Amino acid sequence: MKINLSNAVKFESRHNGPTEAEIAEMLEKIGATSLEELIEQTVPESIRLTRPLDLPKAKLESEFLADFKKLASKNKVFKSFIGMGYYDTFVPGVILRNVLENPGWYTAYTPYQAEIAQGRLEALINFQTVVMELTGMELANASLLDEGTAAAEAMTMLHSVKPRDKKTANKFFVDEKIFPQTKAVLETRAEPVGIELVFGSINDLDLTDPELYGVMFQYPDADGAVRDYSAIIAAAKENKVLTAFATDLLALTLLTPPGEMGADVVVGSAQRFGVPMGYGGPHAGFFATKEDFKRQIPGRIIGVSLDRAGNKAYRMALQTREQHIKREKATSNICTAQVLLAVMSSFYAVYHGPKGLKNIALRTHGLAKLTAQALKKVGLDVADHSFFDTIQVRMSDVSRERVKGLALAAEMNFRYESDSIFISFDETKTLEDVKTIVSIFATEEGKQSIDLNDLVENLNLELPEALVRKSEYLTHPVFNDYHSEHEMLRYIKRLENKDLSLVHSMISLGSCTMKLNATAEMIPVTWPEFGQIHPFAPMDQTLGYQELFSNLRTWLTEITGFADTSLQPNSGAQGEYAGLMVIRAYHISRDEGHRDVALIPTSAHGTNPASAVMAGMKVVLVKCDERGNIDVADLKEKAAANADNLAALMVTYPSTHGVFEEAIQEICETIHQYGGQVYMDGANMNAQVGLTSPGRIGADVCHLNLHKTFCIPHGGGGPGMGPICVASHLAPFLPGNPIVKTGGTQAVSSISAAPYGSASILPISYAYIEMMGGEGLTNATKMAILNANYIKERLEGHYPILYTGTKGRAAHEMIVDCRGFKEFGVEVEDIAKRLMDYGFHAPTVSFPVAGTIMIEPTESETKAELDRFCDALIAIRAEIREIEEGHYDKENNVLKNAPHTAQLVLTGEWDLPYSREKAVYPLPYVKEHKFWPSVRRIDSAYGDRNLVCSCIPVEEYAQESETV
């Protein structure tokens, strides 16, 4: 046998599921002679690319990791004392290995099917409890994207709930000592919706101003100072002015929480609770408020309800607030949370408990206080205000530059402002670090360093009485029972085992599907060269990141057929908003700022109209025809009617109905004819890569869901990334940052807090593109289309398929019509819950058409897995037929009672009209690998009527155990 030394396994063959033999079988099933013929029948010839993607040659996994390590080494990991909301932290090994690096956690989907997401939901309830108790508020969500965008959500929510006496008030005062990145995001969000921002000193705050509806403070502020706001808040209440705080959870273990001072909203970031800085993200932003505002709070709230057996169960509460319901009436477009990071932070709090967290806070404060005392002894001008972890040293320009040189030589980064140096401490810093810092300043002053021993011996917490926290927190057993690693490990695994993820089976949600998140792509995420970098570190310490950004921008720009890319938006919804803000800035630059009408098809994702409203646009809906396509005649009529004010069309391509619409170029030309721009929602970009592109169809800007098309995992509902790619005329307006130069020459203000969004997860998409290459990415798109059409072919004859292209093909997803089953008492929800008994997560339910399921497989699924999924749906159709034929009652059958738990089939009398085996082992393959839902069907309405969003009291656990 001849030996071929170059015969290594390509990554593409690991990523794409079907083998050559399976591809041939699938093509035969769907009636196509080749993949090329299938693509010709699916993608209109007029928009297909005429050349292959110009991307680097694909690398083997081993080659990529070796080369990427070299790139990573160009980042210098200095000790960061920069602060400003980003701090180094120890990620406990038990959390690092068993959550962040564990596909059982990072490949789960958003918990829309709560019965198979109880572990994640419990972790998120813990997160909400941590936030509520540390902030002193009544309600918290789980979670937001970062501190800056959480602050913006506070500003807009308070605007929507202001009292009647303030109906016309639009002024929002912000303490000038707020973090600059937060200030920039507030500026971006305020102007399009008519909110007047006023930045100033608290001493100049006029609470009697009738135009003032709200105020926001940073606590501790950007200078590190903490003060008692009780009197200000009391005066604000007298004047019917609402109050918001941006704060720090670790500080609140020692400081009086804003809720106890009377705050209306408290926001911040949970990053320092065990989540790496990661050059800016991803991190879990938090948002806490009063129960009065439970119907207005943005994002997702996890609540407690009951399942059919009367047991406590968790699910997402108050879902009528979701954009899919409110659409153009929404005040927030929040879709992606930061679930994986919120889970990590909650486990960090569980692992350390209240005593452990307080000890970390005391030690952090102690290091800062020791340094302040020592520098004063050296003779330096240290700001004499109360502080938690940040000290301010006033210095001349010359002295500051000398200190900077000495600090860099010691591989330390401080924060340097016009007349001061700021030094922020965290749990990773040591007494040795303090000695080095004191030595640096003493050297600059030409003095001897001092002996710290006496200062260490006499170090005490000495804050003003009004600022010292007196209330207890985290008293629930969950925060006090798992402090040994063994118990913590078991707790994490116990929750993990309640959740279905990609480690179990395919997750086929249309528009949000879950493809392989390869291990080789994930490995670099936890390298210190990426994780331990502060987002405002000096540029020459981040050359590896800059090379990564440059290459990734080039590749994404090539893939989309555009001119430039911004990596800043840290979710798909943020990308939508960023794209519209860029379009808005373009119109303003041409003295056409009056263009404010956004045309949006009725089939659009719910965040589209919400994003348009946030960008100051008026939404005009465009009809879809009976085939699910945009009604071109209606579009032309609406475009002409709004010709003078047309800003943009928001279009998803392929359509949300799973079709490559033939008229897309005509649609884009129509919008351009009337002076508008075309924004393409990139939710379905995974059906375009290498075959067509947004630039080719005639769009001007698109966002990309890197957490879908480019392999960043969902993490149970986040992190996500939503970069935007733009045509050349829009490139000057790409978003900037107040601290790090990003964006175009006429950049819009910041969309997210960090300059490059959630930078530390960009290596995942970088790895995917590098290891697939242009040909591999194109083949992946073809495979996704093949897998979708194979499912369509197998299900046709059992279920109606709503929409197809002109040649009878689906794109990458399809809509299965279940509305006809209502006649026999079967709702689409029953099918979703019954799929759990077969070991599958339901496809997208009732979107974009009520009473349907939208199925989208990926290229990563094998034919065997596709067949198991189809077998399950076909078997469920047979179960529906049994009801149709009268074999089972409409209200008491295997679908209505789904899902079936182990407790149900193993305890008590079996009084259901079908066998236990039919309930839990409906097909032979299920016996081989059974996933057991941990609770029965959940009563969401009960949970909304009796809203509980924190840990279940231990007494109720005891009551439940007595009834089992």
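This text follows the structure it describes.
A few points on the structure.

Conventions adopted
- Residues numbered from 1 in each chain as written.
- Predicted model: local features only at pLDDT ≥ 70, side-chain atom pairs only at ≥ 80, totals over all residues.
- Heavy atoms only, no water.
- Phe/Tyr/Trp six-rings, centres within 6.5 Å; stacked < 30°, edge-to-face > 60°.
- Helix = DSSP H or I, 4+ residues; strand = E, 2+ residues; numbered from the N terminus.
- Buried < 20%, exposed > 50% of the residue type's maximum accessible area, 1.4 Å probe, protein only.
- Lys NZ or Arg CZ within 6 Å of the ring centre and 35° of its normal.
- Pairing = 2+ DSSP bridges.
- Contact = heavy atoms within 4.5 Å.
- Axes fitted to C-alpha atoms, helices over the stretch in contact; angles between N-to-C directions.
- Arc of directions from axis to C-beta.
- Polar contact = N/O pair within 3.5 Å; in protein donor to acceptor, adjacent residues only side chain to side chain.
- Disulfide = S-S within 2.5 Å.

**Section: the packing of aromatic side chains**
The geometry of two aromatic rings is summed up by the distance between their centres and the angle between their planes.
Line of reasoning, step 1. The final tally for this structure, using the stated rule, is 37 aromatic pairs.
Line of reasoning, step 2. For the ring pair Tyr586 and Phe733, a centre distance of 6.3 Å and an interplane angle of 75 degrees mean the geometry is edge-to-face. Note that Tyr586 is positioned in helix α21 (residues 572-589) and Phe733 in the loop between β22 (724-726) and α26 (762-795), a separation of 147 residues in sequence.
Line of reasoning, step 3. We classify Tyr586 as buried; its relative accessible area is 12%.
Line of reasoning, step 4. We classify Phe733 as buried; its relative accessible area is 4%.
Line of reasoning, step 5. Both rings, one in Phe840 and one in Tyr925, keep their centres 6.5 Å apart while their planes meet at 65 degrees; by these two values the pair is edge-to-face. Within this pair, whereas Phe840 is found in the loop between α27 (828-837) and β24 (844-845), its partner Tyr925 is found in helix α31 (residues 924-928), the two being separated by 85 residues in sequence. Pair check on accessibility: Phe840 and Tyr925 agree, each one buried.
Line of reasoning, step 6. A network of ring pairs unites the aromatic residues Phe64, Phe68, Tyr279, Trp527, Phe530, Tyr545, Phe549, Trp555, Tyr756 and Tyr766 as a single cluster.
Line of reasoning, step 7. One residue, Lys183, lies across the ring of Phe199, its end atom 4.8 Å from the ring centre.
Line of reasoning, step 8. When the ring centre of Tyr229 is taken as reference, the NZ or CZ atom of Arg227 above it lies at 5.7 Å.

**Notes on the sheet that holds strand β26 (residues 938-939)**
Line of reasoning, step 1. Taking strand neighbours across the sheet as the criterion, the three strands line up as β10-β9-β26 in an open arrangement whose pairing is antiparallel. Edge positions in the sheet fall to β10 (312-317) and β26, since each of these pairs with one other strand and no more.
Line of reasoning, step 2. Where strand β9 (residues 301-307) and β10 come together, six bridges link them in antiparallel fashion. Counterpart to Ile301 in the pairing with β10 is Ala317.
Line of reasoning, step 3. Running over the sheet, helix α7 (residues 118-135) touches β9, β10 and β26 and is turned about 125 degrees from β9.

**A closer look at the pairing of β10**
Line of reasoning, step 1. With respect to burial, β10 is a largely interior element, five of its six residues being buried.
Line of reasoning, step 2. Adjacent in sequence and paired antiparallel, β9 and β10 are bridged by four residues, among which Gly310 carries a positive phi angle near 85 degrees.

**A few points about the sheet that holds strand β14 (residues 415-416)**
Line of reasoning, step 1. Taken together, the four strands give an open sheet; going across it, the order is β11-β12-β15-β14, and neighbouring strands pair in antiparallel fashion. The open sheet terminates on both sides in strands that have one partner only, identified here as β11 (381-382) and β14.
Line of reasoning, step 2. When β11 meets strand β12 (residues 390-394), the two strands line up antiparallel, connected through two bridges. Of the residues in β12, the one forming a bridge with Val382 is Val393.
Line of reasoning, step 3. Most of the contacts of helix α13 (residues 339-378) go to β12, to which it runs at about 20 degrees, and overall it touches β11 and β12.

**Overview of helix α23 (residues 632-641)**
The periodicity of an α-helix, 3.6 residues per turn, causes residues three or four places apart in sequence to face the same way.
Line of reasoning, step 1. Looking only at α23, the buried set comprises Val632, Asp634, Leu635, Lys638 and Ala639. When α23 is viewed along its axis, its buried side chains cluster within an angular range of 160 degrees and face the same direction. What points out from α23, more than 90 degrees from its buried face, is the exposed set Ala633, Glu637 and Ala641.
Line of reasoning, step 2. Packed against the buried residues of α23 are β17 (597-601), β18 (618-622), β19 (646-652) and α24 (664-673).
Line of reasoning, step 3. The N-capping residue of α23, defined by a side-chain oxygen 3.2 Å from the backbone nitrogen of Ala633, is Asp631.

**Observations regarding the state of the cysteines**
Line of reasoning, step 1. Going through the model one piece at a time under the given rule, you end up with zero disulfides.
Line of reasoning, step 2. The cysteine Cys951 is free of any disulfide, with Cys949 supplying the nearest cysteine sulfur at 11 Å.
Line of reasoning, step 3. Note on Cys951: relative accessible area 11%, which makes it buried.

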